[in-house]
Amino acid sequence: MDFYSLLIENIIIICGTFSYAVSGAFAAMQKRLDAFGVIIVAFVTAVGGGTLRDLVIGDTPVFWIKEPSYTFVIVVAALLSMFFWKNVKRFKKTLFLFDTLGLGFFTILGIQKGLAHNLDPGSCILLGTFTGCFGGIARDMLINNIPIIFRKEIYATACILGGAFYFVLDALNVENSISELLTISLIVVIRIVAVRKQLVLPRFY
Amino acid sequence: MDFYSLLIENIIIICGTFSYAVSGAFAAMQKRLDAFGVIIVAFVTAVGGGTLRDLVIGDTPVFWIKEPSYTFVIVVAALLSMFFWKNVKRFKKTLFLFDTLGLGFFTILGIQKGLAHNLDPGSCILLGTFTGCFGGIARDMLINNIPIIFRKEIYATACILGGAFYFVLDALNVENSISELLTISLIVVIRIVAVRKQLVLPRFY
Amino acid sequence: MDFYSLLIENIIIICGTFSYAVSGAFAAMQKRLDAFGVIIVAFVTAVGGGTLRDLVIGDTPVFWIKEPSYTFVIVVAALLSMFFWKNVKRFKKTLFLFDTLGLGFFTILGIQKGLAHNLDPGSCILLGTFTGCFGGIARDMLINNIPIIFRKEIYATACILGGAFYFVLDALNVENSISELLTISLIVVIRIVAVRKQLVLPRFY
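These numbers were taken from a predicted model, which means no experiment stands behind them.

What counts and what doesn't
- Residues numbered from 1 in each chain as written.
- Chains lettered and ligands numbered in written order.
- Predicted model: local features only at pLDDT ≥ 70, side-chain atom pairs only at ≥ 80, totals over all residues.
- Heavy atoms only, no water.
- Helix = DSSP H or I, 4+ residues; strand = E, 2+ residues; numbered from the N terminus.
- Rg over C-alpha atoms; globule rule 2.2 N^0.38 Å.
- Buried < 20%, exposed > 50% of the residue type's maximum accessible area, 1.4 Å probe, protein only.
- Contact = heavy atoms within 4.5 Å.
- Areas by Shrake-Rupley, 256 points an atom, 1.4 Å probe, with all protein chains shown as cover.
- UniProt positions renumbered as here; feature names shortened; annotations may be inferred.
- Least-squares fit on C-alpha atoms with pLDDT ≥ 70 in both.
- Axes fitted to C-alpha atoms, helices over the stretch in contact; angles between N-to-C directions.
- Parallel < 35°, antiparallel > 145°, perpendicular 65-115°, else oblique.
- Left-handed = near helix turned anticlockwise from the far one by under 90°.
- Nonpolar A, V, L, I, M, F, W, Y, C, P; charged D, E, K, R; others polar.
- Polar contact = N/O pair within 3.5 Å; in protein donor to acceptor, adjacent residues only side chain to side chain.
- Buried area = accessible area lost by both parts, 1.4 Å probe.
- Salt bridge = Lys/Arg side-chain N within 4 Å of Asp/Glu carboxyl O.
- pLDDT = per-residue confidence, 0-100.
- Expected span 1.5 Å × (residues − 1).

Secondary structure assignment for chain A yields eight helices and zero strands. What you see in chain A, going N to C, is helices and strands ordered as α-α-α-α-α-α-α-α. A compact globule built from 205 residues should have a C-alpha radius of gyration of about 17 Å, and chain A, at 16 Å, falls within 12% of that. Counting only C-alpha atoms, chain A reaches 45 × 45 × 30 Å along its principal axes. Counting every position in chain A, which comprises 205 residues, the buried fraction comes to 57%. Across chain A, contacts joining residues at least 24 apart in sequence account for 72% of those joining residues at least 6 apart. Total accessible area on chain A stands at roughly 8800 Å², and carbon and sulfur atoms take up 68% of it.

Structure below.
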């Protein structure tokens, strides 16, 4: 992988970890947890999806054990979140923004890991969807919220559509880093549009 | 393994996956989740036990990553469940039936995996019990029900008795596929009798 | 490892397993679960931290599958807990004592596993903290309590301080078994002092 692609990879990893850590920190502060509780929820949200992905693929030790800088990014994200808490006027929108960014980044990180293990596109999209969604699910279960995946919003669907879009771009021979960034953007756009227009999936039963 | 045994193996895997997927779909529809929520709960219930089994044994990548047909069976089961939802008059009994069938099938799938890894009978029964029960536990925790394992019913006990029965048949040199089918039947019968007669384990304290 | 060190290792493993099994059994009896529910919660509490540790490190099959004596210790602990339930006058204090002992023992078991896999001290402390805390978290999530880690007590902090203390002793060339026992003692003391004096971490936001 050339320097530019490797840089994009690392930016996605750091941004995804940071975003989901902020998302977890904000959710914890909403529940008025102490400083360590905030850091722990930030950690679980940020590593949850990647850990599940690494476990089911069989890629152990998991990334945050092998590489301490993830923990550093998470702690920094949690501390910054606590520091800026009072200045954040639009709390709900900030939480939503970072959660949506994390969803996009981690879906791509899941798809990448699937490709690295030679999975077919369908399994890559499945793995990407789980990697993207599970951080938020773990965060919500830990602090006793209704998991975001069940709040009648377009959530996992955004990951699946994003994943499918990635492979369409791939089939059109779009350069990999561009495909990744476009996919992340699509997932973020789908989430923003869906929440703004209050789109819901029909129940079909 | 001869053709007949391999066929029985695959039937058990497909039936277990289908049964627990229907069980998860019905539980999700009871909570009025959207179409994707139903598919997700069906998926978690169907793969939860087998995933835990594969992770603790160390058999990765897990089965649903390696073999996309599991996901296909789950989605079909979820769609059929949503399609037939309105026609199901005895909802509670249907949910119970598919959950009980899943419990039996997955207990055997856990025991099989233990035998394939040369575990002693006690560890096989333990693994089978966890594989059988965990799908329902994951489903209940995900949608915020009291885990079925705690509803004062004979649940895990059925798996343990079934597992012990399997090794009794094995010691009597009963052919393996017959032992498996008889064990599944016993677990199902124990559950049906226990619930019908409202048998409970004493508390002993 | 000489005989004395191996003996200390095994004592820590058995004591940790026993302590967390009692802690889980007591929590289950508080919820009035049946005999199997008590054994299951005892099992989950006792194996939860070690299982997470083994999975993220990649050391499979997990310990309780490989070695049936863990299950034996857990069942004995659960049965003794049920037998002595009525005689336990200071229920809350007993639960706290066994949970605190388990926290200390399992933090060391996590650090040990990290050292065996050549992790740096920071990652060892991280692994030790997760191994120590996760048993209690799994227990609380399973029986629908607020996870102990969020009850505004000094909990994970005790593990982190204990882990740091371990590596200080190690740098001072203190013999390993002594370091382990001193670390466990420090974690227990921190917890007792923190709860007795109702010390809480500030919220910082």
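Moving on from the model shown.
Moving on: the UniProt feature "transmembrane region" (unreviewed entry) in chain A. The UniProt record marks residues 6-28, 35-57, 69-88, 95-112, 124-142, 154-172 and 178-195 of chain A with the feature "transmembrane region" (unreviewed entry), using the residue numbering of this structure. Between the C-alpha atoms that bound residues 6-28 of chain A the distance is 33 Å, and the span itself is 100% helix and 0% strand.

Placing chain A over chain B gives an RMSD of 0.0 Å and needs a rotation angle of 120°, together with 0.0 Å of translation along the axis. Considering both components of the superposition, the chain copies are consistent with a three-fold axis. It is Leu55 of chain A whose C-alpha, among those of chain A, lies nearest the rotation axis, at 4.1 Å. Little of the interface of chain A is mirrored in chain B, where only 8% of its interface residues are also at the interface.

Our next topic: the UniProt feature "domain: Glycine transporter" (unreviewed entry) in chain A. All names here are of chain A. UniProt records the feature "domain: Glycine transporter" (unreviewed entry) at residues 13-85 and 97-170, using the numbering of this structure. The distance from the first to the last C-alpha atom of residues 13-85 is 24 Å, and the span holds 84% helix and 0% strand. Helix makes up 77% of residues 97-170 and strand 0%, with an end-to-end C-alpha separation of 27 Å.

Residues and elements named next belong to chain C. The geometry of helix H1 (residues 3-30) relative to helix H2 (residues 35-57) is characterised by a closest axis approach of 7 Å and an angle of 140° between their N-to-C directions. Our classification of the angle between H1 and H2 gives oblique. With respect to the hand of their crossing, H1 and H2 are arranged in right-handed fashion. Contact residues: H1 offers Thr17, Tyr20, Ala21, Ser23, Gly24, Ala25, Ala28 and Met29, while H2 offers Gly37, Val38, Val41, Ala42, Thr45 and Ala46. Here the residues of the contact of H1 with H2 sort into nine nonpolar, five polar and no charged.

What follows covers the side chain of Asp34 of chain B. Within the secondary structure layout, Asp34 of chain B lies in the loop between helix H1 (3-30) and helix H2 (35-57). In this structure the side chain of Asp34 of chain B is engaged in a polar contact, spanning 3.1 Å, whose partner is the backbone nitrogen of Phe36 of chain B. Looking at Asp34 of chain B, its side chain comes within polar contact range of the main-chain nitrogen of Gly37 of chain B, at 2.8 Å. Ignoring sequence-local partners within four residues, the contact set of Asp34 of chain B consists of Lys152, Glu153, Leu201, Pro202 and Arg203 of chain A.

Glancing now at unusual backbone geometry. Residue and element names in this part refer to chain A. Each neighbour pair has its own omega, and for Thr60 with Pro61 the value is -5°, a cis peptide bond. Inspection of the secondary structure assignment puts Pro61 in the loop between helix H2 (35-57) and helix H3 (63-66). In this structure, Arg32 takes a positive phi of about 60° despite not being glycine. Along the chain, Arg32 falls in the loop between helix H1 (3-30) and H2. Even without glycine at this site, Asn118 takes up a positive phi of about 60°. Along the chain, Asn118 falls in the loop between helix H5 (91-116) and helix H6 (121-142). A relative accessible area of 71% places Asn118 in the exposed class.

Here the focus is the relation of the copies chain C and chain A. Superposing chain C onto chain A requires a rotation of 120° together with a translation of 0.0 Å along the rotation axis, leaving an RMSD of 0.0 Å. Interface overlap between copies: only 8% of the residues of chain C at the interface are likewise at the interface in chain A, consistent with a contact formed by different surfaces.

Another point: the interface of chain A and chain B. Residue-level contacts link 25 residues of chain A with 28 residues of chain B. Counting each side, the surface lost to burial between chain A and chain B is near 2300 Å², with a carbon and sulfur contribution of 72%. On the chain A side of the interface with chain B, the three residues burying the most area are Val56, Phe150 and Tyr205 of chain A, jointly 33% of the side's total. Put simply, chain A and chain B have zero salt bridges between them. On inspection of chain A and its partner chain B, the count reaches two residue pairs in polar contact (both at pLDDT 80 or more). Within the residue set of the side of chain A that touches chain B, elements represented by two or more residues are H2, H6 and helix H7 (156-171) of chain A. Sort the elements by how many residues they give to the side of chain A that touches chain B and H6 of chain A lands first, with six residues.

This part covers the environment of Thr17 of chain B. Residue and element names in this part refer to chain B. By secondary structure assignment, the location of Thr17 is in helix H1. What makes Thr17 buried here is its relative accessible area of 3%. Separated by 127 residues in sequence, Thr17 and Asn144 have C-alpha atoms that sit 22 Å apart. Among residues more than four places away in sequence, those in contact with Thr17 are Ala46, Tyr70, Val73, Ile74 and Phe106. In this structure the side chain of Thr17 is engaged in a polar contact, spanning 2.8 Å, whose partner is the backbone oxygen of Ile13.

When pLDDT is averaged across chain A, the result is 91; 100% of the residues are at 70 or more. Scored by ipTM, the complex comes to 0.87, with pTM at 0.91.

Counted at 1.5 Å a residue, the expected span for H5 of chain A with its 26 residues is 38 Å, and the 37 Å between its end C-alpha atoms agrees. Phi turns positive, to about 60°, at Asn118 of chain A, one or two residues after H5 of chain A.

Let us look at the interface of chain C and chain A. Contact residues are listed per partner, giving 25 residues for chain C and 28 residues for chain A. Interface area, chain C with chain A, both sides summed: about 2300 Å², of which 72% is carbon and sulfur. Looking at the side of chain C facing chain A, the largest losses of area belong to Val56, Phe150 and Tyr205 of chain C, adding up to 33% of the total buried there. Remark: the boundary between chain C and chain A carries zero salt bridges. On the surface where chain C and chain A come into contact, there are two residue pairs in polar contact (both at pLDDT 80 or more). Elements with a minimum of two residues in the side of chain C that touches chain A: H2, helix H6 (121-142) and helix H7 (156-171) of chain C. With six residues, the top contributor of residues to the side of chain C that touches chain A is H6 of chain C. Considering only residue class, the side of chain C that touches chain A consists of 18 nonpolar, three polar and four charged.

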